[in-house]
Amino acid sequence: NAGVTQTPKFQVLKTGQSMTLQCAQDMNHNSMYWYRQDPGMGLRLIYYSASEGTTDKGEVPNGYNVSRLNKREFSLRLESAAPSQTSVYFCASSAGAIEKLFFGSGTQLSVL
Amino acid sequence: SQKIEQNSEALNIQEGKTATLTCNYTNYSPAYLQWYRQDPGRGPVFLLLIRENEKEKRKERLKVTFDTTLKQSLFHITASQPADSATYLCALALTTNSGYALNFGKGTSLLVTP
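Since the structure is predicted, the reported quantities are computational estimates derived from the model, not experimental observations.

## Structural notes on the overall build of chain B
Line of reasoning, step 1. Across its full length, chain B holds 0 helices and 11 strands.
Line of reasoning, step 2. N-terminal to C-terminal, the α/β element order of chain B is β-β-β-β-β-β-β-β-β-β-β.
Line of reasoning, step 3. Taking 13 Å as the expected radius of gyration for a compact globule of 114 residues, we find that chain B reaches 14 Å, a close match to that expectation.
Line of reasoning, step 4. Per-residue burial for chain B yields a buried fraction of 44% across its 114 residues.
Line of reasoning, step 5. Long-range contacts, defined as pairs at least 24 residues apart, comprise 53% of the intrachain contacts of chain B with a sequence gap of at least 6.
Line of reasoning, step 6. Roughly 5,900 Å² of accessible area belongs to chain B as shown, and the carbon and sulfur atoms make up 46% of that amount.
Line of reasoning, step 7. In chain B, 13 positive and 10 negative side-chain charges are present, and the distance between their average locations comes to 2 Å.

Encoded structure:
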């Protein structure tokens, strides 16, 4: 059982480049989330999707966009990458709003 | 503003002892609280969920308490082992436009030495 799959695992971008982080879950979960994790800052919520067709901003949404493509997939897009977006990005999913989260293995992104 | 505070200093304990980690929160009225474990280079893994009407919850060597008056949760690992060494995160639900989303504390690093 794959759980939550994130691609790519590592990425290096130049300032101003764009890219999309992909996330897919095979647990038929309704809710999906994107977090970033920085040293000393902990996990911070970027965007989430409570159910297919809905998305909402989290704590740090600026510079990001998301798409809930279908129930399985939730992508995170950086339109114009900035060095401040260097971080480890985690996708997660849950069956419902108060259920436990299942996390992917993360994407380490460096913006030069 | 809403805050979740966990001890930023690493907790070092000897194998076999009980480790106790603290999670304090302000400006939340959480219906439930969750604890996760995170190993280096990995995503967090769910450990326990405790609801506001539950004072205590246990799972094997793990015990969580939840005091909504003190606005505090304590996470205990009894008979700790070196394999318990990791970072432990607490998380609270934030009410949003479309329901709830989890906010996490910064985590406390636990090191269990033989």
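The rest of the description comes next.
## A word on the interface of chain B and chain A
Much of the literature gives interface size as the accessible area that the parts lose upon coming together.
Line of reasoning, step 1. Of the residues lining the interface, 21 residues belong to chain B; the matching set on chain A comes to 20 residues.
Line of reasoning, step 2. Both sides of the chain B and chain A interface together cover about 1,700 Å² of buried area, and 57% of this is carbon and sulfur.
Line of reasoning, step 3. In this structure, the connection of chain B to chain A is made through 0 salt bridges.
Line of reasoning, step 4. Applying the counting criterion to the chain B and chain A interface returns 5 residue pairs in polar contact (both at pLDDT 80 or more).
Line of reasoning, step 5. Among the secondary structure elements, those contributing two or more residues to the side of chain B that touches chain A are β4 (32-38), β5 (45-51), β9 (86-96) and β10 (99-104) of chain B.
Line of reasoning, step 6. If you tally residues by element for the side of chain B that touches chain A, the top one is β10 of chain B, at 5 residues.

## Some thoughts on unusual backbone geometry
Line of reasoning, step 1. With an omega dihedral of -5°, the bond running from Thr7 of chain A to Pro8 of chain A counts as a cis peptide bond.
Line of reasoning, step 2. Here Pro8 of chain A lies in the loop between β1 (4-7) and β2 (10-13).
Line of reasoning, step 3. Within the chain, Lys71 of chain B stands out as a residue other than glycine whose phi angle is a positive 60°.
Line of reasoning, step 4. Note that Lys71 of chain B resides in the loop between β7 (62-67) and β8 (72-77).
Line of reasoning, step 5. For Lys71 of chain B, a relative accessible area of 32% puts it in the partly exposed group.
Line of reasoning, step 6. Unlike most non-glycine residues, Ala79 of chain B shows phi in positive territory, near 45°.

## Some details on the state of the cysteines
All names here are of chain A.
Line of reasoning, step 1. All told, the structure shown has 2 disulfides over all chains when counted by the stated rule.
Line of reasoning, step 2. Bridging Cys23 to Cys91, the disulfide has an S-S length of 1.9 Å. Between Cys23 and Cys91, the disulfide has an S-S torsion of -75° and is therefore left-handed. In this pair, Cys23 sits in strand β3 (residues 19-25) while Cys91 sits in strand β9 (residues 87-94), placing the two residues 68 residues apart along the sequence.

## Thoughts on the sheet that holds strand β6 (residues 56-59) of chain B
Strand pairing in a sheet relies on backbone hydrogen bonds, with the paired strands running either antiparallel or parallel.
Residues and elements named next belong to chain B.
Line of reasoning, step 1. The strand order across the open sheet built from 5 strands is β1-β3-β8-β7-β6, with neighbouring strands paired in antiparallel fashion. Sheet topology places β1 (3-6) and β6 at the edges, where each strand pairs with a single neighbour. If you compare each strand with its neighbour and ignore which way they point, the axes differ by 15° on average.
Line of reasoning, step 2. Sheet topology places strand β3 (residues 19-26) next to β8; 6 bridges connect them, and they run antiparallel. Within the sheet, the bridge partner assigned to Leu21 lies in β8 and is Phe75.

## Comments concerning the confidence of the model for chain B
Line of reasoning, step 1. When pLDDT is averaged across chain B, the result is 92; 97% of the residues are at 70 or more.
Line of reasoning, step 2. Within chain B, no element has a lower average pLDDT than β10 of chain B, which sits at 83, and none a higher one than strand β11 (residues 108-113) of chain B, at 97.

## Let's talk about the packing of aromatic side chains
Line of reasoning, step 1. On inspection of all chains with the given rule, the structure shows 13 aromatic pairs over all chains.
Line of reasoning, step 2. Measuring from centroid to centroid gives 5.9 Å for Tyr64 of chain A and Tyr89 of chain A, while their planes differ by 65°, and the two rings are edge-to-face. Highlighted residues: Tyr64 of chain A in strand β7 (residues 64-68) and Tyr89 of chain A in strand β9, separated in sequence by 25 residues. Side by side, Tyr64 of chain A and Tyr89 of chain A carry an identical accessibility label, which is buried.
Line of reasoning, step 3. One aromatic cluster is present, built from ring pairs that chain together Tyr33, Tyr35, Tyr48, Phe90 and Phe103 of chain A together with Tyr36, Phe46 and Phe104 of chain B.

Reading the values: the criteria
- Residues numbered from 1 in each chain as written.
- Chains lettered and ligands numbered in written order.
- Predicted model: local features only at pLDDT ≥ 70, side-chain atom pairs only at ≥ 80, totals over all residues.
- Heavy atoms only, no water.
- Helix = DSSP H or I, 4+ residues; strand = E, 2+ residues; numbered from the N terminus.
- Rg over C-alpha atoms; globule rule 2.2 N^0.38 Å.
- Buried < 20%, exposed > 50% of the residue type's maximum accessible area, 1.4 Å probe, protein only.
- Contact = heavy atoms within 4.5 Å.
- Areas by Shrake-Rupley, 256 points an atom, 1.4 Å probe, with all protein chains shown as cover.
- Lys, Arg positive; Asp, Glu negative; His and termini not counted.
- Charge placed at Lys NZ, Arg CZ, Asp CG, Glu CD.
- Buried area = accessible area lost by both parts, 1.4 Å probe.
- Salt bridge = Lys/Arg side-chain N within 4 Å of Asp/Glu carboxyl O.
- Polar contact = N/O pair within 3.5 Å; in protein donor to acceptor, adjacent residues only side chain to side chain.
- Disulfide = S-S within 2.5 Å.
- Pairing = 2+ DSSP bridges.
- Axes fitted to C-alpha atoms, helices over the stretch in contact; angles between N-to-C directions.
- pLDDT = per-residue confidence, 0-100.
- Phe/Tyr/Trp six-rings, centres within 6.5 Å; stacked < 30°, edge-to-face > 60°.

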